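Chain by chain, the residues:
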Protein chains: 2
Amino acid sequence: MDRTLLTAFLITAAAAPAAAQQTVATLPPPVIEDPRVAALRDDALAKDHYAWDIVEGLTTEVGQRLAATEAEGRARDWAMKRLTAMGFANVHVEPFTMPVWTRGPESAEIIAPFPQKLTVAALGYSGSTGPGGITGQIAYFPSVDALRTAPDAAVRGKIVFIDHNMQPAQDGSGYGQFGAPRRQGPTIASLKGAIGIVIRSIGTDHHRNPHTGVQYFTDGATPIPAGALSVPDAEQLIRILKRGRPVTMRLTLVSEKHDGGQSGNVIAEVPGRDPKAPILLVGGHLDSWDLGTGAIDDASGVAITTAAARHIMDAGRPMRTIRIVWFGAEEPGGFGGNAYVKAHGSESYAIAGESDFGADRIWRFSSQLMKSDPAAYAQLAASLAPLGITKNDKGDADGTDVEPTIKAGAPWVSLNQDGTRYFDWHHTPDDTLDKIDPVQLRQNVAAWTAVLATLSGGIESGAKQPKRR
Amino acid sequence: MDRTLLTAFLITAAAAPAAAQQTVATLPPPVIEDPRVAALRDDALAKDHYAWDIVEGLTTEVGQRLAATEAEGRARDWAMKRLTAMGFANVHVEPFTMPVWTRGPESAEIIAPFPQKLTVAALGYSGSTGPGGITGQIAYFPSVDALRTAPDAAVRGKIVFIDHNMQPAQDGSGYGQFGAPRRQGPTIASLKGAIGIVIRSIGTDHHRNPHTGVQYFTDGATPIPAGALSVPDAEQLIRILKRGRPVTMRLTLVSEKHDGGQSGNVIAEVPGRDPKAPILLVGGHLDSWDLGTGAIDDASGVAITTAAARHIMDAGRPMRTIRIVWFGAEEPGGFGGNAYVKAHGSESYAIAGESDFGADRIWRFSSQLMKSDPAAYAQLAASLAPLGITKNDKGDADGTDVEPTIKAGAPWVSLNQDGTRYFDWHHTPDDTLDKIDPVQLRQNVAAWTAVLATLSGGIESGAKQPKRR
C-alpha cells in the first residue's frame, strides 16, 4: 500500500512537476521514525534470543501449568528465578486463592450402533461422571441456537452433541461466534435436563486432539459432564448419526473441583528514571491448560513482552517504569487480571497491553492513543510499519488479563498476531514448542520493543540498571 | 521431461529440416492408448463413488479393525455384505488362526528432573509393564546403530530412548532406513539388558499422536515393554536430556498376547469368460492398527482396487477373472498374505498387485511386464500417462500382502502413491477419513481401472455378470 502510493507520487512528480506541490499539500505531514527506536527494533528482529530462551525453558522445564495446581506453583518459582537472573528489579509474586478444577480419566465410546472409541477431553469446570461414566442416547444439534429452541423433551435424559463450522481466520474472529457451543452449550443442556454434553472442539484442525477451554454453569444450571470431541471424532459422530439409527454413547469425564487453590501473579520491573511517570504495563499469562505445554498459550506471550523489556534495559534506563506481569490463572477465568487490578488499579498507566495469541507474525495494531495522543499513535505506526504491521483505526482493546486494568482507566495498545494457525492448536495437547517459528517470534519481540521504546519517554543510555547481573 | 524433449525436437526440426528424418528414426515406435480403456479410466476419474462409499462405510460403521480381534470380525461381516451387494461373485471368507496382541492402558511420565506427562503408544507385540508400570533412568541414543555399539553397562536396567531424523519423501523411502529404531531397537535393547524402550515415532508430523507399528523380539530376546513417543514428545525428551541431568521415566504399557485369534481373508471375484486364463489379483488389507480408523491404511486400498474391479464389471465381462482380496492381519506381520499363498499359490496369475500406501495421487508405476511382456507394459504406460503417472523402469514389487504370491511366481504391478503426507498419519490416531482427498482417491481408482482394463484380455460388453444386484 505505502509502496503503491509512493510510486504513484513519483510518477506524478516526474510527469507534471507544476502539479506536484499541490498534491503534496493534500497529503498528511510526514512522520519520521525515531532512529534510536528503529535501531533497537532491528537489533531485536535480528538477534533476539531472550524470548526463545524463555518459551523453550518454561515449556521444557515445567511443561503444562494448570491454574492453581502445584505445576503452576513450579512455574512461578521458575519465573522468579528467570526474571531475577535476567536482571529485572522488584521481582515478586502476588498470590491469590481461587477454586481449582482438575482433570481425571476420560473416554467416550459409541456403544451402538457401531461400537468404537472417540477422543474426548473435559471442558473446564465440567461436572464429573465418576469413574463408572454415564450412558445415554445422543441428541444432535447443528448449533447452539438449535439446542436453545429445542423442546426439553428432545434433550431430557440424553447426552447433547453440538456441532458448528468454525473456519480459520487471520484475525481469529471465528472464536467469538463459533465458541458459543462451549461457552453456552453446557448450561443450556443442563437446564433442559441433559445428563451430559459433548461439543465439536472449538478448533480449525483435523487432528485427534480435543480442544478444552473454560465454561461456567450459570442461571442456576446444575453442573453436568461436558466434553469436547476432537474435530475428526465429531465428524465421525455426525456420519454415524446420519445413518438414522439411535446412537448410544458411554461418556467418562472424571474431574475434581475444590476451593482454596493457590495461584499468583509474577511481577518484575525495569525501573524508570521518573518513578512518578505513568507506567508501561505489559505481559501475558503464566498458566496454561493441562493438555499441552502451553507454548503458544501463553509461554510465548510472557516471553515476547519480557524480551522486549529486556531490550530496553539493555539500551539504558527509560524515563517510564516498564512493569512486566506474568499473570496467573487466566485460562479458568482471568483470576490473575482481576487480582492485579485490585492491587494496582489505582496506579497511573501510560499504556497497558498483553500478548496472548500465539507467536505468529504481528500484522496490525491498534491503540487508544489514536484519540488521546495522535502524535504518539503516529510514531507507533511509523516504528511498526517496517515490520509489515499496519494500523487498524477500528481496533479494540484486547486481552483478558489487562482488560480489568483498562476498564479501570489505563490506555490500551493491541498488537494482533496472525491467527490463521492459532486455533489448530489452541487448548489442545498440540500446543507445544515445535509450533513456534523462531523467526516470527523475533518479529513479535521487535514489535513490542518498538512500542516500549517509542513510549518510554526516552532511554538514557549512560544510566544502566543498577541491579543487572 | 516429455515436454522438454518435444520442445527440443520441434526446435531441431524447424531449424534443420534436413536432419529431422534421421532424428525421428531413432525414436521408439508410438504406442496408442486403447480408446475403450481410456473411456473406462476417464469415467472412473470423473464419477467414481464406489471407493468413497467403501472407505467411508468401513471406517464409519466399523472403525478400527485390529487383527484377530472381534472388531476385525465385524469388518469381515461388513466386507461380505458390501461385496455381495456390489454384485461380485464367489464372495467368501477364508479364515485362519494367529496370535493376537491387544493394547491396554498406557502412559509415560517424566518423574525427574522436570515432572510431566508424555504421549506414548505401545508397539505391536510389546511386552507388558503390568498396571503398575516400570520406572527407570533414560539411556539416550541418537540412532539404532549408536545403541548397537553401546556397552551393555550403558543400557542395563535402564529405559532406552532412540531418536532418528525421518523426513517426508514422495516415495516414502525414509520408512525403510528410519524405521530401524522400531524394528530392531526393542530386540537390541532387550539383549543388552534394558527394562524397556521408547522410540521417537517413525513419522514425519508434529502432532501429539504416537505412531505404533509392528516389531518382533528375535535372537532369543525377552520381550520388554516397547513404545513410541509422539514426535513433539520425543523432541521434548531430548531437550530435557540436554540439560545434562539424569532423567527418570515411569512407563506404563499394558498389553496382552494370546494364541488362537481368528482372522481371515475376504475374497470376491469378477469371473472371466475364460476360467483357465491367468488371474488378475488385486486388493489391500482389511485390518488396521487400533489407534485410528484405518482410512489411509488401508480402507482406501481395498476401496480403490474393489472400485476398479467394479468399473470393469459395469462395462461387461472380462476375458480374465479379476480376484479381489481384502487381506486379514497384514499389520502384525502379513498373516493374510501368507494364508492366501498357502491356499492359492499354485494358481496361475497374469498379475498381482495391491494398494497399501494411502490415497494420495499415484505418480508412477512399475511392473515385471517391462521384461516379460514389453508390449503390455507399453500399453499400461500409455493408459496411465494421461493421469500424470510415469513409468519407473527401476521399480520393484511392492506390498506385504501380495509378496508371498509374487515370490511363488506371479508377475507384479506396482502403482506408487505420493507418500509426502503418508507418514504424518501412518499408524496414528490421526488415520481417519478426513485425511482422504476424494479427488485424489478417484485418480487412484482410474489408474487401477486402466490397469485391469488393459490386462483384462478384452471386455465383452454384451455379457454382463449374471450375479449383479
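Our structure's up above, just so we're on the same page.
Rules used in this analysis
- Residues numbered from 1 in each chain as written.
- Chains lettered and ligands numbered in written order.
- Predicted model: local features only at pLDDT ≥ 70, side-chain atom pairs only at ≥ 80, totals over all residues.
- Heavy atoms only, no water.
- Helix = DSSP H or I, 4+ residues; strand = E, 2+ residues; numbered from the N terminus.
- Buried < 20%, exposed > 50% of the residue type's maximum accessible area, 1.4 Å probe, protein only.
- Contact = heavy atoms within 4.5 Å.
- Areas by Shrake-Rupley, 256 points an atom, 1.4 Å probe, with all protein chains shown as cover.
- Phe/Tyr/Trp six-rings, centres within 6.5 Å; stacked < 30°, edge-to-face > 60°.
- Polar contact = N/O pair within 3.5 Å; in protein donor to acceptor, adjacent residues only side chain to side chain.
- Expected span 1.5 Å × (residues − 1).
- Pairing = 2+ DSSP bridges.
- Buried area = accessible area lost by both parts, 1.4 Å probe.
- Salt bridge = Lys/Arg side-chain N within 4 Å of Asp/Glu carboxyl O.
- Nonpolar A, V, L, I, M, F, W, Y, C, P; charged D, E, K, R; others polar.
- Least-squares fit on C-alpha atoms with pLDDT ≥ 70 in both.
- Axes fitted to C-alpha atoms, helices over the stretch in contact; angles between N-to-C directions.
- Arc of directions from axis to C-beta.
- Left-handed = near helix turned anticlockwise from the far one by under 90°.
- Parallel < 35°, antiparallel > 145°, perpendicular 65-115°, else oblique.

Peer 1: How do you make sense of the overall build of chain A when you look at a structure like this?
Peer 2: Helix and strand counts for chain A stand at 17 helices and 16 strands. Principal axes of the C-alpha set define a box for chain A whose edges measure 80 × 60 × 35 Å. Looking at chain A residue by residue over its 469 residues, the buried ones come to 59%. Within chain A, counting contacts between residues at least 6 apart in sequence, those at least 24 apart form 83% of the total. Of the roughly 18200 Å² of accessible surface on chain A, 55% is carried by carbon and sulfur atoms.

Peer 1: Is there a simple way to think about the packing of aromatic side chains in this case?
Peer 2: Given two aromatic rings, one states the distance between the centres and the angle between the planes to describe the pair. Residues and elements named next belong to chain A. Under the defined criterion, the tally for this structure stands at 16 aromatic pairs over all chains. A ring pair is formed by Phe365 and Tyr377, whose centres lie 5.5 Å apart and whose planes are at 45°; its orientation type is tilted. Pair noted here: Phe365 is in strand E13 (residues 362-367) and Tyr377 is in helix H14 (residues 374-384), with a separation of 12 residues, a long-range link. Judged on exposure class, the residue Phe365 and its partner Tyr377 are both buried. Among the aromatic residues, those joined into a ring-pair cluster are Tyr175, Phe357, Tyr422 and Phe423.

Peer 1: Whenever I open this one, the side chain of Thr212(B) confuses me. Can you help?
Peer 2: All names here are of chain B. Note that Thr212 resides in the loop between strand E6 (196-200) and strand E7 (226-229). A polar contact is formed between the side chain of Thr212 and the side chain of Arg103, at a distance of 3.4 Å. Setting aside residues up to four positions removed in sequence, Thr212 forms contacts with Arg103, Ala122, Leu123, Gly124, Arg182, Trp289, Leu291 and His427.

Peer 1: What is the right way to look at helix H11 (residues 295-315) of chain B in this model?
Peer 2: An α-helix turns once per 3.6 residues; consequently, residues spaced three or four apart project the same way. Residues and elements named next belong to chain B. When the terminal C-alpha atoms of H11 are compared, their 28 Å separation across 21 residues agrees well with the 30 Å that a helix rising 1.5 Å per residue should span. Summarising burial for H11: 19 of the 21 residues are buried, a large majority. Once H11 finishes, Gly316 follows within two positions and takes phi at roughly 145°, a positive value.

Peer 1: When you look at the pairing of strand E12 (residues 349-354) of chain B in this model, what are you seeing that I'm missing?
Peer 2: Along any regular strand, the residues point their side chains to alternate faces of the sheet. Residue and element names in this part refer to chain B. With six of its six residues buried, E12 lies for the most part within the structure. Where strand E9 (residues 279-285) and E12 come together, five bridges link them in parallel fashion. Among the inter-strand pairings, Ile279 is bridged to a residue of E12, identified as Tyr349.

Peer 1: Help me understand the interface of chain B and chain A, please; the structure alone is not making it clear to me.
Peer 2: Note: interface size is frequently given as the accessible area lost on complex formation between the parts. The partner chain A presents 31 residues to the 31 residues of chain B that form the contact. Roughly 2300 Å² of surface becomes buried between chain B and chain A when both sides are summed, with 44% attributable to carbon and sulfur atoms. Contact with chain A buries area across many residues of chain B, yet Thr60(B), Arg208(B) and Arg243(B) alone supply 24% of it, more than any other trio. Here chain B and chain A share four salt bridges between them. Between Glu61(A) and Arg243(B) there is a salt bridge, with the nearest N and O atoms lying 2.8 Å from each other. Counting every contact that joins chain B to chain A gives 21 residue pairs in polar contact (both at pLDDT 80 or more). Residue assignment for the side of chain B that touches chain A shows that the elements contributing at least two residues are helix H4 (50-61) and helix H10 (231-242) of chain B. Along the lines of polarity and charge, the residues of the side of chain B that touches chain A split into nine nonpolar, 12 polar and 10 charged.

Peer 1: Where do I start with the environment of Asp430(A) in this structure?
Peer 2: By the secondary structure assignment, Asp430(A) is in the loop between helix H16 (422-425) and helix H17 (438-455). Take Asp430(A): its relative accessible area is 1%, and that puts it in the buried class. When the C-alpha atoms of Asp430(A) and Ile296(A) are compared, they prove to be 9.8 Å apart, with 134 residues separating the residues in sequence. Residues contacting Asp430(A), with those up to four places away along its chain left out, are Asn209(A), Trp425(A), Lys435(A), His206(B), His207(B) and Arg208(B). Side-chain polar atoms of Asp430(A) contact the side chain of His207(B), separated by 2.4 Å.

Peer 1: Even after reading the chapter, I still don't get the relation of the copies chain B and chain A, so can you show me in this structure?
Peer 2: There are two copies of the chain, and a rotation about an axis plus a shift along that axis relates them. For the pair chain B and chain A, the best superposition has an RMSD of 0.1 Å and corresponds to a rotation of 180° with a translation of 0.0 Å parallel to the axis. The relationship between the two copies is best expressed as a two-fold rotation axis. Most of the interface of chain B is mirrored in chain A: 100% of its interface residues are interface residues there too.

Peer 1: Is there a simple way to think about the side chain of His344(B) in this case?
Peer 2: Residue and element names in this part refer to chain B. Turning to its location among the elements, His344 is positioned in helix H12 (residues 335-344). The class for His344 is buried, based on a relative accessible area of 11%. Ignoring any residue separated from it by four or fewer positions in sequence, one finds His344 in contact with Glu94, Ile267, Arg323 and Tyr349.

Peer 1: What's the story with the environment of Leu253(B) in this structure? I'm lost.
Peer 2: Within the secondary structure, Leu253(B) sits in strand E8 (residues 248-270). Sequence spacing of Leu253(B) and Pro95(B) is 158 residues, and the spatial spacing of their C-alpha atoms is 30 Å.

Peer 1: So what exactly am I meant to see when it comes to the environment of Gly264(B) here?
Peer 2: Residues and elements named next belong to chain B. Inspection of the secondary structure assignment puts Gly264 in strand E8. The spacing of Gly264 and Gly345 is 81 residues in sequence and 16 Å in space, taken between C-alpha atoms. Among all residues touching Gly264, those that are not within four sequence positions of it are Arg76, Val93, Glu94, Pro95, Phe96, Trp326, Phe327 and Gly328.

Peer 1: I'm lost on the sheet that holds strand E14 (residues 390-391) of chain A in this one. Help?
Peer 2: Hydrogen bonding along the main chain pairs the strands of a sheet, whether they run parallel or antiparallel. Residue and element names in this part refer to chain A. Taken in spatial order, the three strands line up as E14-E13-E15 in an open sheet, and their pairing is mixed. Looking at the sheet topology across the chains shown, the edges are occupied by E14 and strand E15 (413-417). In the sheet, E13 pairs with E14 via two bridges, with the strands oriented parallel. Paired with Arg364 across the bridge in E14 is Thr390. Lying on the sheet, H14 is in contact with E13, E14 and E15; it crosses E13 at an angle near 175°. Lying over the sheet, H17 contacts E13 and E15, oriented at roughly 165° with respect to E15.

Peer 1: Even after reading the chapter, I still don't get the sheet that holds strand E15 (residues 413-417) of chain B, so can you show me in this structure?
Peer 2: Residues and elements named next belong to chain B. Taken together, three strands build an open sheet; the order of strands is E14-E13-E15 and the sheet is mixed. The open sheet is flanked by strand E14 (390-391) and E15, the only strands paired with a single partner. Docked against the sheet, helix H14 (residues 374-384) engages strand E13 (362-367), E14 and E15, running at close to 175° with respect to E13.

Peer 1: Would you mind showing me how to read the pattern of salt bridges here?
Peer 2: The full count for this structure, using the stated rule, is 48 salt bridges over all chains. The residue Asp42(B) makes a salt bridge to Arg41(B) at a minimum N-O spacing of 2.9 Å. A relative accessible area of 36% means that Asp42(B) is categorised as partly exposed. Linked through salt bridges whose partners overlap, the residues forming this network are Glu33(A), Arg41(A) and Asp42(A).

Peer 1: Just to check I follow, could you spell out unusual backbone geometry for this structure?
Peer 2: Excluding glycine, residues mostly have negative phi values, and the peptide bonds linking residues are mostly trans. Backbone torsion omega between Asp297(A) and Asp298(A) reads 15°, so that peptide bond is classified as cis. By the element assignment, Asp298(A) lies in helix H11 (residues 295-315). Despite not being glycine, Ala329(B) has its phi angle at roughly 50°, a positive value.

Peer 1: Would you take a moment to explain helix H3 (residues 35-47) of chain B for this structure?
Peer 2: All names here are of chain B. If you check H3, its first and last C-alpha atoms are 18 Å apart, about what 13 residues at 1.5 Å a residue would give, namely 18 Å. Residues of H3 that are buried: Val37, Ala38, Leu40, Arg41 and Ala44. For H3, the buried positions fall inside an angular range of 165° around the axis, keeping them on one side. For H3, the exposed residues set more than 90 degrees away from the buried face come down to Pro35, Arg36, Ala46 and Lys47. On its buried face, H3 is in contact with H11, H14, helix H17 (438-455) and strand E16 (459-460). Where H3 begins, the side chain of Asp34 points an oxygen toward the backbone nitrogen of Arg36, at a separation of 2.8 Å.

Peer 1: In this structure, what is going on with the packing of helix H4 (residues 50-61) of chain A against H11(A)? I would like to understand it.
Peer 2: When two helices pack together, their arrangement is given by the angle between their axes and by how far apart the axes lie. All names here are of chain A. Contact geometry of H4 with H11 gives a least axis separation of 7 Å together with a crossing angle of 145°. Handedness of the crossing formed by H4 with H11: right-handed. Residue-level contacts link Tyr50, Ala51, Ile54, Val55, Leu58 and Thr59 of H4 to Ala295, Ala299, Ser300, Val302, Ala303, Ile304, Thr306, Ala307, Arg310, His311 and Asp314 of H11.

Peer 1: Is there a simple way to explain the packing of helix H3 (residues 35-47) of chain A against H17(A) in this structure?
Peer 2: Residues and elements named next belong to chain A. Running from amino to carboxyl end, H3 crosses H17 at an angle of 160°, the nearest separation of the two axes being 8 Å. Here H3 is positioned roughly antiparallel relative to H17, judged by the angle of their axes. Handedness of the H3/H17 crossing: right-handed. Of the residues in H17, those touching H3 at Val37, Leu40, Arg41, Ala44, Leu45, Ala46 and Lys47 are Arg442, Gln443, Val445, Ala446, Thr449, Ala450, Ala453 and Thr454. Of the residues contributing to the contact of H3 with H17, the split by class is nine nonpolar, three polar and three charged.

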